[in-house]
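In case you want the letters, here they are:
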Amino acid sequence: SDAPTINPGEELDLSVRPTIIFQVFGSANDPRMVPIAALRQGALVPIVLRQQGWHHFDAMYFHPGAIYPLYADGRLKGTVTVRRGMWTGGGNDPLYTLPGCQTLTPLAAVTLSSTSAPTAFTVEYLAASTPVIDSQRPAAPATATLPAAETERIARTVAARVAQDFHINVATLDSLDFHALSFPSGVGTAPTIVASFIDPEADNPASLNVRTTHLLLIANRDSTGAYVPTFIHRVNGALADAEFRRFVDHLDLTGDGVDEIVLEGWHFGGAASLTILGWRDGKWVTVHHTRPTWCLDDAPSK
């Protein structure tokens, strides 16, 4: 496979040292950090670089000892420190390789600060090369989240209406693993609700031809005070064709006072990618999407 062809003007200008958004993930005792987007004039843009550019990126952002703010649930949670980059601080060998791949998305091996010391086996955070939210930002009021029972009740009510529209019967919906949460997103004064219904059999199916049902929805309060769906992702068909989504986190990445919502998407047995949603005209819409592979050889020119 060939290194990606990049059109003039497409390549990210590293000379201005743009703010980079990262995802921190993996095992708690040896986490990794991957770049997911750059910020340019208040908007999320893809990081498009030639092979040489990625080495330059690694030296700039992933040099051992680099410290960045770490975020979860819309708040600053501590810091992350780079132990070694993809090529920096690790001898001649890259941090990882992929068979037959020339141009790789760089990863860094990192350490989390004690304030964010994980309590679980795996970690999942967002990080940024420069602070994206004001550390002095006032704490969200207690009304910014709903009690769990109320969140669940509203989520199930909205989901039942959505399911009806898409010919998903109530019994099917009730058979799915359900999870819902609420948080202040900056959209209105009422919390945003995210609800997920996922087929418990989808992890270990008898075959890829089985049908599966999956619903991820986001709901916000409208001007009448009722919660309405503001984003819907649905699957009601063959598992082989299904794309699943799960909520990862929310954070005001662009500094406009309204959070972005990060979702992970995957197909059965396939690689995962991130979708970042932004609030536009009363709905959540995709504003950024990462590639489903860390190999950049076949990067399409847009």
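These figures come from a predicted structure and were not determined experimentally. (Residues numbered from 1 in each chain as written. Predicted model: local features only at pLDDT ≥ 70, side-chain atom pairs only at ≥ 80, totals over all residues. Heavy atoms only, no water.)

A.B. asks: For this particular structure, what's the right way to read the overall build of the chain?
C.D. replies: Looking only at helices and strands, the chain features three helices and 15 strands. Taken over C-alpha atoms, the radius of gyration comes to 20 Å for the chain, in line with the 19 Å a tight globule of 302 residues would show. With the C-alpha coordinates aligned to their principal axes, the bounding extent of the chain is approximately 55 × 50 × 40 Å. Counting across all 302 residues of the chain, residues that qualify as buried make up 46%. Considering only intrachain contacts with a sequence separation of at least 6, the fraction spanning at least 24 residues in the chain is 59%. As presented, the chain carries roughly 14900 Å² of accessible surface, and 53% of it is formed by carbon and sulfur atoms. (Helix = DSSP H or I, 4+ residues; strand = E, 2+ residues; numbered from the N terminus. Rg over C-alpha atoms; globule rule 2.2 N^0.38 Å. Buried < 20%, exposed > 50% of the residue type's maximum accessible area, 1.4 Å probe, protein only. Contact = heavy atoms within 4.5 Å. Areas by Shrake-Rupley, 256 points an atom, 1.4 Å probe, with all protein chains shown as cover.)

A.B. asks: When you look at the packing of aromatic side chains in this model, what are you seeing that I'm missing?
C.D. replies: The relation between two aromatic rings is expressed through the spacing of the ring centres and the mutual angle of the planes. One pass over the full model with this rule turns up eleven aromatic pairs. Between Phe22 and Tyr68 the ring centres are 5.5 Å apart and the planes differ by 25°, which places this aromatic pair in the stacked class. Pair noted here: Phe22 is in strand β1 (residues 19-27) and Tyr68 is in strand β4 (residues 67-72), with a separation of 46 residues, a long-range link. Of the residues examined, Tyr68 reaches a relative accessible area of 5% and is grouped as buried. Taking the centre distance of 5.9 Å and the plane angle of 45° together, the rings of Phe25 and Trp294 count as tilted. Here Trp294 lies in the segment after β15 (283-289) and Phe25 lies in strand β1, a separation of 269 residues in the sequence. Here Arg17 stacks its cationic end above the ring of Tyr61, 5.1 Å away from the centre of that ring. Residue placement shows Arg156 over the ring face of Phe178; its charged tip is 4.0 Å from the ring centre. (Phe/Tyr/Trp six-rings, centres within 6.5 Å; stacked < 30°, edge-to-face > 60°. Lys NZ or Arg CZ within 6 Å of the ring centre and 35° of its normal.)

A.B. asks: Please explain the pairing of strand β11 (residues 227-238) as it appears in this structure.
C.D. replies: For a regular strand, the rule is simple: side chains alternate between the two faces of the sheet. By the bridge criterion, eleven bridges tie strand β10 (residues 211-221) to β11 in an arrangement that is antiparallel. Bridging across to β11, Leu217 finds its partner in Ile232. Between β10 and β11, which pair antiparallel one after the other, the connecting turn spans five residues, and Gly225 there sits at a positive phi close to 95°. (Pairing = 2+ DSSP bridges.)

A.B. asks: Looking at this structure, I do not really get the pattern of salt bridges. What am I missing?
C.D. replies: A side chain of one charge can pair with a side chain of the opposite charge when the charged atoms of the two come close. Inspection of every chain in the model, using the stated rule, returns eight salt bridges. Of the charged contacts in the structure, one is a salt bridge between Asp30 and Arg32, with a shortest N-O distance of 2.9 Å. Residues participating in the shared-partner salt-bridge network are Asp30, Arg32 and Arg83. (Salt bridge = Lys/Arg side-chain N within 4 Å of Asp/Glu carboxyl O.)

A.B. asks: Even after reading the chapter, I still don't get the sheet that holds β15, so can you show me in this structure?
C.D. replies: Note: strands within a sheet are paired through backbone hydrogen bonds, in either parallel or antiparallel orientation. Strand order in this open sheet of four strands is β12-β13-β14-β15, and the pairing throughout is antiparallel. A strand with exactly one partner marks an edge of an open sheet, and here the two such strands are β12 (243-251) and β15. This sheet shows a mean twist of 35° between the axes of neighbouring strands, independent of strand direction. Judged from the eight bridges that link them, β12 and strand β13 (residues 260-267) form a sheet pairing that is antiparallel. Paired with Arg246 across the strands is Glu264, a residue of β13. (Axes fitted to C-alpha atoms, helices over the stretch in contact; angles between N-to-C directions.)

A.B. asks: What is the right way to look at the pairing of β1 in this model?
C.D. replies: Of all the nine residues making up β1, seven are buried; the element is thus mostly covered by neighbouring parts of the structure. Across seven bridges, the pairing between β1 and strand β2 (residues 32-40) is antiparallel. Paired with Phe22 across the two strands is Pro35, which belongs to β2. Bridge count for β1 against strand β7 (residues 122-128) is seven bridges, and the pairing is antiparallel.

A.B. asks: Looking at this structure, how should I read the nonpolar core?
C.D. replies: With 28 residues, the main nonpolar core has Phe22, Val24, Met33, Phe57, Tyr61 and Val80 as its most contacted residues. Elements with a minimum of two residues in this core: β1, β2, α1 (51-61), β4, β5 (75-84), β6 (108-112) and β7. In terms of nonpolar packing, the next biggest core, distinct from the first, is built from 26 residues, Leu44, Val248, Leu253 and Leu274 among them. (Core = buried A, V, L, I, M, F, W, Y, C linked by side-chain atoms within 4.5 Å.)

A.B. asks: I'm lost on the sheet that holds β10 in this one. Help?
C.D. replies: Ordered in space as β8-β9-β10-β11, the four strands form an open sheet in which the pairing is antiparallel. Either end of the sheet is taken by a strand with one partner, and the two such strands are β8 (177-183) and β11. Adjacent strand axes in the sheet meet at a mean angle of 10° when their direction is disregarded. Of the strands in this sheet, β8, β9 (192-198), β10 and β11 touch helix α2 (residues 148-165), which is tilted by about 60° from β11.

A.B. asks: Can you walk me through the environment of Phe166 in this structure?
C.D. replies: When you line up the elements, Phe166 lands in the loop between α2 and α3 (170-174). Look at Phe166 and you get partly exposed, because its relative accessible area is 26%. For the pair Phe166 and Thr145, spaced 21 residues apart in the sequence, the C-alpha separation amounts to 29 Å.

A.B. asks: Just checking my understanding: could you explain the side chain of Thr105 for this structure?
C.D. replies: With respect to the secondary-structure elements, Thr105 resides in the loop between β5 and β6. Setting aside anything within four residues of it in sequence, one finds Thr105 in contact with Val34, Pro35, Met86, Tyr96, Trp294 and Leu296.

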